[in-house]
Amino acid sequence: MSNGRVELTRRQWLAGSLLAVGLPARGAWALETIRQGFQTNIWGMPTYYLLKSGLLEKHGLKFEEFAVPSGNLTMQQMVARQVDLGTYAAQSFIIGHDKGGLVVIAQIEQVGRTAQIVTRKDLNLTQVSELKGRKVANQTGSSVGNIFTDVIAPAAGLKKGDFQEVRMDVNNMVAAMAAKTVDAMVNVEPYNEIAVAEGIGTSIMDYSKVDKMPVFMAATPDFVDKNPDTVVAYLKCWQEAGRDFKDNPGKVADVIYAFFTSKGYAMSRETFAKALAKVEVDPGFPSDLVPGLQKDAEVLLREKKISAIPDWKKALRPDLWAKAKG
């Protein structure tokens, strides 16, 4: 009994001391470890930079990295609750919300110019309609893949079956083009610029006139509900990272270029610079997201890729970004 009273007195003294010096109690600083997913193409590089920048550690955040070739794979990991946070474009997010209740906590970038249709240079193709009867490499289920099959191909008069879709990760497509096992690829940077620079491919269109392709940072609802303080601290890091992209682009480019060269890509600094310049990084939470998302959701519903149009008030969490800014 006496030991219990002594222990209680110590706790009271500790709590009083913390209040006296203005320090938070343990729960206020015990932020949850983040399981961060990111794609290893150019879309995931702002997140890669964030992880390597030291900003998360500066804000007391610990993290684990989960790298995959494309964002739809991160989305699937999140639906399975293997990863807490990850970036991908609208189509993958909408599917992830439909399958697993995922929510948007920020828009990180716009990447419409990075998504392109590249054809083999030796074929001298210039239009999407000329892909009829051709083998087209596509990361099936990805946002760029869905836009190609659901929007771009039909607009060019191509129906399902008019071309042979070859399912493939984006990081394997340039080699397939070089080997002439496919005639074209639906891909993102830096692989498009690599194909063009090496004389393998010709870009016949990018997506910017079809879709500006905002890339969102999404989260599992479980993580947000259980760890709102962690999410707000994390978004504060993104605000600082966004300033680095604007004010210190050379530092950012060094980090990202080192990533690709470490993976064995023989890419010149000039080729890399062209690829990175097509990514418009500006973390925030625009107020006009719903019309574009609604349009994308209607296409996905028509193609039976989702079961219902999302309730955007549940799917979008601008309140967390606002709290981080405040």
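Values in this document were obtained by computation on a predicted structure and should not be read as measured data.

S.K.: Would you mind going over helix 11 (residues 228-247) with me for this structure?
M.R.: Along an α-helix, residues three or four positions apart point the same way, because every turn accommodates 3.6 residues. Between its first and last C-alpha atoms helix 11 spans 29 Å; for 20 residues at 1.5 Å apiece the expected length is 28 Å, and the two agree. For helix 11, the tally of buried residues reaches 14 of 20 residues, placing the bulk of the element in the interior.

S.K.: For this particular structure, what's the right way to read the nonpolar core?
M.R.: If you look at soluble globular proteins, the nonpolar side chains tend to sit buried side by side. Formed by 103 residues in total, the largest nonpolar core has its most connected members in Trp43, Ile105, Phe148, Tyr207 and Tyr234. With 9 residues, the single largest contributor to this core is helix 11. Those residues in contact with Ile105, other than ones at most four positions away along the chain, are Leu85, Met217, Ala219, Val224, Val231, Tyr234, Leu235, Phe285, Arg317, Leu320 and Trp321.

S.K.: Where do I start with the layout of surface pockets in this structure?
M.R.: Empty space left among the atoms is revealed by rolling a probe the size of a water molecule over them. The computed volume of the largest pocket comes to approximately 500 Å³. If you trace the largest pocket, you find 24 residues lining it, with Asp211, Lys212, Pro214, Gly292 and Asp296 closest to the centre. When residues of the lining of the largest pocket are assigned to their parent elements, the largest contribution, 8 residues, is made by helix 14 (residues 289-302). Quantified by volume, the second largest pocket comes out at close to 160 Å³. Going through the elements one at a time, helix 12 (249-262) and helix 13 (269-276) are the ones with two or more residues in the lining of the second largest pocket. Its residues placed into classes, the lining of the second largest pocket shows 9 nonpolar, no polar and no charged.

S.K.: Explanation requested: the packing of helix 3 (residues 45-52) against helix 12 in the structure shown.
M.R.: When two helices pack together, their arrangement is given by the angle between the helix axes and by the axis-to-axis distance. Between helix 3 and helix 12, the shortest axis-to-axis distance is 10 Å and the interhelical angle comes to 105 degrees. Looking at the two axes, helix 3 sits roughly perpendicular to helix 12. Two secondary-structure elements touch here, helix 3 through Met45, Tyr48, Tyr49 and Lys52 and helix 12 through Lys251, Val252, Val255, Ile256, Phe259 and Phe260. By residue class, the composition of the contact of helix 3 with helix 12 is 8 nonpolar, no polar and 2 charged.

S.K.: Could you clarify how one ought to interpret the confidence of the model for the chain in this entry?
M.R.: A low pLDDT means the predicted coordinates there should not be read in detail. Looking at the chain, pLDDT values average 91 and 91% of them are 70 or higher. Throughout residues 1-28 the model reports pLDDT below 50, and contacts reaching past four residues in sequence, or to other chains, amount to 4 contacts.

Criteria and cut-off values
- Residues numbered from 1 in each chain as written.
- Predicted model: local features only at pLDDT ≥ 70, side-chain atom pairs only at ≥ 80, totals over all residues.
- Heavy atoms only, no water.
- Helix = DSSP H or I, 4+ residues; strand = E, 2+ residues; numbered from the N terminus.
- Expected span 1.5 Å × (residues − 1).
- Buried < 20%, exposed > 50% of the residue type's maximum accessible area, 1.4 Å probe, protein only.
- Core = buried A, V, L, I, M, F, W, Y, C linked by side-chain atoms within 4.5 Å.
- Contact = heavy atoms within 4.5 Å.
- 1 Å grid on protein atoms, 1.4 Å probe; cavity = no way out; pocket = protein on both sides within 12 Å on 5 of 7 lines; lining within 4 Å.
- Points joined across faces, edges and corners; volume = space filled by probe spheres on them.
- Nonpolar A, V, L, I, M, F, W, Y, C, P; charged D, E, K, R; others polar.
- Axes fitted to C-alpha atoms, helices over the stretch in contact; angles between N-to-C directions.
- Parallel < 35°, antiparallel > 145°, perpendicular 65-115°, else oblique.
- pLDDT = per-residue confidence, 0-100.

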